[in-house]
Amino acid sequence: MSQQLPEEWFVRDEKVNAAIAWAITVVLAILAVIGFLAGLLVVMAIAAVAALVAITPAAVNKSWTRTVSWPLLLLASLPLVLGVGRPAFFTDIVIGLSIATLSMLVVVALQMTTTVRMTPRFAIFFVALATMAFAGFWAVGSAISAQYLGTAFVETNDQLMIIFTAAVIAGVVGGLLFRWYFRRQLKANLEATPDAEVVA
């Protein structure tokens, strides 16, 4: 069995899933436009990336019913629901987990549209790294937005460190959760194909 990350673990071809996923995608697109007009760069970026990832399977396969799993898309959209700038530790961890989910969906989109291929192990590392990198992107983007557009930003370095710590925890937890999921999927594949080797 190829140890490349299979897109089938994240993409479905069902009408009900597609209808819900497209509804979420429309909301994401609207939020991206609102974020752009309001100067909320981080909100705009998250919404735009999530919307692009959501439509990738349908565009690549030329089928409106082939979309990412709607619960994963909804989880990846949580930062927009909870508020990216809310300085609550638990909320920051939840937001970090949703960013980890979005990162994994980006991996699937990259594999569907480019020559990039990732093994499950590297995908887990990528998710953890991307989640922590997002915290840096958020800090820089929010600081620039606060300076030039007058938007809100954290008031102390301690609050900023709490956000970074939450991102690290979320990245590690997200990586471990995906590792557990991958091992389940690989074992299921092993049962279907006895010659395969489980590596995760």
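None of the values given here were measured: they were computed from a predicted structure.

Before going further, it helps to examine the overall build of the chain. Scanning the chain from terminus to terminus reveals seven helices and two strands. The helix and strand sequence of the chain, counted from the amino end, reads β-α-α-β-α-α-α-α-α. Across the 200 residues that make up the chain, the buried fraction comes to 40%. Put simply, 73% of the contacts in the chain that link residues at least 6 apart link residues at least 24 apart.

With that out of the way, let us pick up the nonpolar core. Ranked by internal contacts, the top residues of the largest apolar core, which has 41 residues, are Phe10, Met104, Trp138, Phe178 and Phe182. Contributions of two or more residues to this core are made by α1 (15-38), α2 (41-61), α3 (70-76), α5 (89-113), α6 (120-149) and α7 (157-192). Looking at this core, the element that brings in the most residues is α5, giving ten residues.

The next subject is the packing of α1 against α2. It is the contact of α1 with α2, at a shortest axis distance of 8 Å, that shows an interaxial angle of 150°. Looking at the two axes, α1 sits roughly antiparallel to α2. Relative to α2, α1 is oriented so that their crossing is left-handed. Across from Trp22, Thr25, Leu28, Ala29, Leu31, Ala32, Gly35 and Phe36 in α1, the residues of α2 making contact are Val43, Met44, Ala47, Ala48, Ala50, Ala51, Ala54, Ile55 and Ala58. A breakdown of the residues in the contact of α1 with α2 according to their chemical character gives 15 nonpolar, two polar and no charged.

Here we take up the environment of alanine 135. Structurally, alanine 135 can be placed in helix α6. Separated by 32 residues in sequence, alanine 135 and alanine 167 place their C-alpha atoms 6.2 Å apart. With residues up to four places along the chain from it excluded, the contact list for alanine 135 reads Phe164 and Ala167.

This part is about the packing of α2 against α6. Orientation of α2 relative to α6, taken along the N-to-C sense of each, is 140°, at an axis distance of 9 Å. The angle between α2 and α6 places the two elements in the oblique class. Along its contact with α2, which presents Val42, Ala45 and Ile46, the element α6 presents Phe134, Phe137, Trp138, Gly141 and Ser142.

In a regular helix each residue adds 1.5 Å, so 21 residues correspond to 30 Å; α2 covers 31 Å between its end C-alpha atoms and thus fits that length. Along α2, the positions that sit buried rather than exposed are Val42, Ile46, Ala47, Ala50, Ala51, Val53, Ala54, Thr56, Pro57 and Ala58.

This structure, assessed with the given rule, holds one aromatic pair. With a centroid separation of 6.0 Å and an interplanar angle of 45°, the aromatic rings of phenylalanine 122 and phenylalanine 125 are classed as tilted. Of this pair, phenylalanine 122 and phenylalanine 125 both sit in helix α6, separated by three residues, roughly a single helical turn. By relative accessible area, which is 48% here, phenylalanine 125 ends up partly exposed.

Before going further, it helps to spend a moment on the side chain of threonine 131. If you trace the backbone, threonine 131 turns up in helix α6. Accessibility expressed as a relative area gives 1% for threonine 131, which makes it buried. Within the local environment of threonine 131, its side chain forms a polar contact with the backbone oxygen of valine 127, the two atoms lying 2.7 Å apart. Apart from the residues within four sequence positions on either side, threonine 131 is in contact with Gly96, Ile99, Ala100, Ser103, Ala167, Ala170 and Gly171.

For the rest of this paragraph, the subject is the side chain of serine 77. Within the secondary structure, serine 77 is located in the loop between α3 and α4 (78-82). On the basis of relative accessibility, which here comes to 5%, the residue serine 77 falls in the buried class. Leaving out residues up to four positions away in the same chain, serine 77 has contacts with Ile24 and Leu28.

Residues Phe122, Phe125, Leu129, Met132, Val168, Val172 and Leu176 make up a contiguous nonpolar surface patch of roughly 630 Å² in combined accessible area. Contributions of two or more residues to the nonpolar patch are made by α6 and α7. If one sorts the elements of the nonpolar patch by residue count, α6 sits on top with four residues. Checked against the element boundaries, leucine 176 lands in helix α7.

So, how was this worked out
Residues numbered from 1 in each chain as written. Predicted model: local features only at pLDDT ≥ 70, side-chain atom pairs only at ≥ 80, totals over all residues. Heavy atoms only, no water. Helix = DSSP H or I, 4+ residues; strand = E, 2+ residues; numbered from the N terminus. Buried < 20%, exposed > 50% of the residue type's maximum accessible area, 1.4 Å probe, protein only. Contact = heavy atoms within 4.5 Å. Core = buried A, V, L, I, M, F, W, Y, C linked by side-chain atoms within 4.5 Å. Axes fitted to C-alpha atoms, helices over the stretch in contact; angles between N-to-C directions. Parallel < 35°, antiparallel > 145°, perpendicular 65-115°, else oblique. Left-handed = near helix turned anticlockwise from the far one by under 90°. Nonpolar A, V, L, I, M, F, W, Y, C, P; charged D, E, K, R; others polar. Expected span 1.5 Å × (residues − 1). Phe/Tyr/Trp six-rings, centres within 6.5 Å; stacked < 30°, edge-to-face > 60°. Polar contact = N/O pair within 3.5 Å; in protein donor to acceptor, adjacent residues only side chain to side chain. Patch = residues over 30% accessible without salt bridge, like charges linked within 9 Å, V, L, I, M, F, W, Y side chains within 5 Å. Areas by Shrake-Rupley, 256 points an atom, 1.4 Å probe, with all protein chains shown as cover. Salt bridge = Lys/Arg side-chain N within 4 Å of Asp/Glu carboxyl O.

The values are spatial; any link to function lies outside them.
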